[in-house]
Amino acid sequence: MHRTASLCTAGGAVVAVVLAGVASPQALTTGRAITAKTVFDMASNSKQFTADAVLLLAGRHQLALKDPLSDFLDNPPAWTRDVTLGDLMRHTSGIADYQDLLEAKGIELTDPAGQKEAIAAILASRPEDPPGKRFSYSNSNYVLLAHVVERVTGKPFPTFLQQEFFTPLHLRMTLSPAVDVPGKAKSYDAKDGSFTPDSSPWKQYGDGSVQATPGEFVRWADNYRTGRIGGTELLTGVTEGAVSVGDVLRPRGIEQGRYGAGILLLPDKSLVHRGDWEGFHSTFKVSPDRNTAVTVVCNVDSPDNFRAADQLLDIWATAPPGATSTRRHNRSTAPLSPNLARTANAEPLASAISATVSAAAAWSPP
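In what follows, the accompanying structure is described.

Calculation rules
Residue positions are given per chain, counted from 1 along the sequence in the order it is written. Totals for whole chains, interfaces and linings use every residue, but because this is a predicted model, local features are given only for residues with pLDDT of at least 70 and side-chain atom pairs only at 80 or more, for both listing and counting. Where side-chain values are given, they derive from all heavy atoms of the structure, hydrogens and water being excluded. In this text, helices come from DSSP runs of H or I with a minimum length of four residues, and strands from runs of E with a minimum of two, each type numbered from the N-terminal end. Only protein chains enter the accessibility calculation, which uses a 1.4 Å probe; a residue whose area is less than 20% of its type maximum is buried, one above 50% is exposed, and one in between is partly exposed. Paired strands are those between which DSSP finds at least two bridges. Note on aromatic contacts: the rings of Phe and Tyr and the six-membered ring of Trp form a pair at centre separations within 6.5 Å, being stacked when their planes are under 30 degrees apart, edge-to-face when over 60 apart, and tilted otherwise. Placement of a positive charge over a ring is assigned whenever Lys NZ or Arg CZ falls within 6 Å of the ring centre and within 35 degrees of the normal to the ring plane. Each salt bridge in this description consists of a side-chain nitrogen of Lys or Arg and a carboxyl oxygen of Asp or Glu lying within 4 Å of one another.

Check the secondary structure of the protein chain and you find 13 helices and 14 strands. Across the 366 residues that make up the protein chain, the buried fraction comes to 56%.

The following block contains the structure:
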């Protein structure tokens, strides 16, 4: 078992990266341990950037959420005239998930497939429900939104995110599907005590594929507090018009909530999302006051990331004053303070993170 914390400033906030776990399956193929600098595929947590890209363009009057999808397609199917960008963003389009559509065509996760194949499969299908009727989570919605951003801006979607979000916020992130970026962890499938590398050559984006450390992802959370990118208009758009998810996400640990711009708004006003792709799993949560955020990541299946995120937020909120002072003034890599280390070693947290290597990060303004 090992724990450490690295400290740095982040737009007026402070980031602490906490690592906890046992022997790393990462070392099985790379010989590298997971550290605060290890990069993970954030999977569906990437949807925040796609939705915010759309909100950013809406704020510039380059599109509107009420615009029909058909406006951004060549030779659009008739049904796309009834699906709005808002339907896509909030998962009320009724469109089936492209992963299911591709597999129905005989394209497996081990076969090459990219954005072009996914969009073709989507447009060749028909919505399973009338647009706007109900929430139904579908990765197709965000692949289509990425296409809309490219159509409106004339830029590749990864380039747009880099120029409009990652670079201005000094975030060490990249949108790179199916690419082993420097420092990236390997993902694994665990079975009967053994670990097998788990990867896919699929290269879709918009629904996932942002690569980052957990520390960088919580630095991104500061934008939900400051609105540095997009201003108050974007921050309002994140939750405005959010739709009830009903009990659809109960198997993922969400009893109730409303889905807004690539993220869930919980009854207590906190924001949360989960990402799962290959063996990568991530949970991202921002406190109701937007002053604290936590990211929990794993590169092998983990039992309860939502619970781990909640408990880490509790630890952060109840850390002793001395530990808080250390986090705010020490700008170098340092061990956890004894009091905080004892809290982080609590059995419920260890159980939630399980015997796999996980990483978590949290920030709060000084």
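Read on for the rest.
Glancing now at the pairing of strand 11 (residues 271-277). Counting buried positions over the seven residues of strand 11 gives six, a clear majority of the element. The sheet contact formed by strand 10 (residues 264-265) and strand 11 spans two bridges and is antiparallel. Considered in strand 11, the bridge of Leu 264 is made with Val 272. What sits between strand 10 and strand 11 in their antiparallel hairpin is a turn of five residues, with Lys 269 showing a positive phi close to 80 degrees. Inspection of the sheet shows strand 11 paired to strand 12 (residues 280-286) by seven bridges, in the antiparallel sense. Counted as the bridge partner of Trp 277 is Phe 280 from strand 12.

It is worth spelling out the environment of Phe 166 at this point. Secondary-structure assignment places Phe 166 in helix 6 (residues 157-166). For Phe 166, a relative accessible area of 0% gives the class buried. Along the chain, Phe 166 and Trp 220 lie 54 residues apart, while their C-alpha atoms are 8.6 Å from each other.

Take the packing of aromatic side chains next. Within this structure, the stated rule accounts for 13 aromatic pairs. With a centroid separation of 6.2 Å and 75 degrees between ring planes, the pair formed by Tyr 137 and Tyr 259 is classed as edge-to-face. Note that Tyr 137 is positioned in the loop between helix 4 (115-123) and helix 5 (139-153) and Tyr 259 in strand 9 (residues 258-259), a separation of 122 residues in sequence. In this structure Tyr 259 comes out as buried when scored by relative accessible area, which is 0%. Judged by centre distance (6.0 Å) and plane angle (10 degrees), the ring pair of Phe 157 and Tyr 205 falls under stacked. Highlighted residues: Phe 157 in helix 6 and Tyr 205 in the loop between strand 6 (194-197) and strand 7 (210-212), separated in sequence by 48 residues. Take Phe 157: its relative accessible area is 0%, and that puts it in the buried class. Look at Tyr 205 and you get buried, because its relative accessible area is 14%. In textbook terms, an aromatic cluster arises when at least three aromatic residues are bridged by ring pairs, as seen for Phe 49, Phe 165, Phe 166, Phe 217, Trp 220, Tyr 224 and Phe 284. The ring of Tyr 142 carries Lys 47 above its face, with NZ or CZ at 5.8 Å from the centroid.

Here the focus is unusual backbone geometry. Within the chain, Asn 75 stands out as a residue other than glycine whose phi angle is a positive 50 degrees. Residue classification places Asn 75 among the exposed positions, given a relative accessible area of 76%.

Looking now at the pattern of salt bridges. For side chains of opposite charge, pairing can occur when their charged atoms come near one another. Tallied over the entire structure, the rule returns eight salt bridges. Across the pair Glu 164 and Arg 60 runs a salt bridge whose closest N-O atoms are separated by 2.8 Å. Linking Glu 164 in helix 6 with Arg 60 in the loop between helix 1 (47-59) and helix 2 (85-89), this pair joins segments that are 104 residues apart in sequence. Of the charged contacts in the structure, one is a salt bridge between Arg 219 and Glu 216, with a shortest N-O distance of 3.0 Å. Taken together, the residues span about one helical turn, with Arg 219 and Glu 216 both in helix 7 (residues 214-221) at a distance of three residues. The class for Glu 216 is buried, based on a relative accessible area of 3%. Through salt bridges with shared partners, a single network forms among Arg 172, Glu 216 and Arg 219.

Remember, this is a structural readout, not a statement about activity or role.
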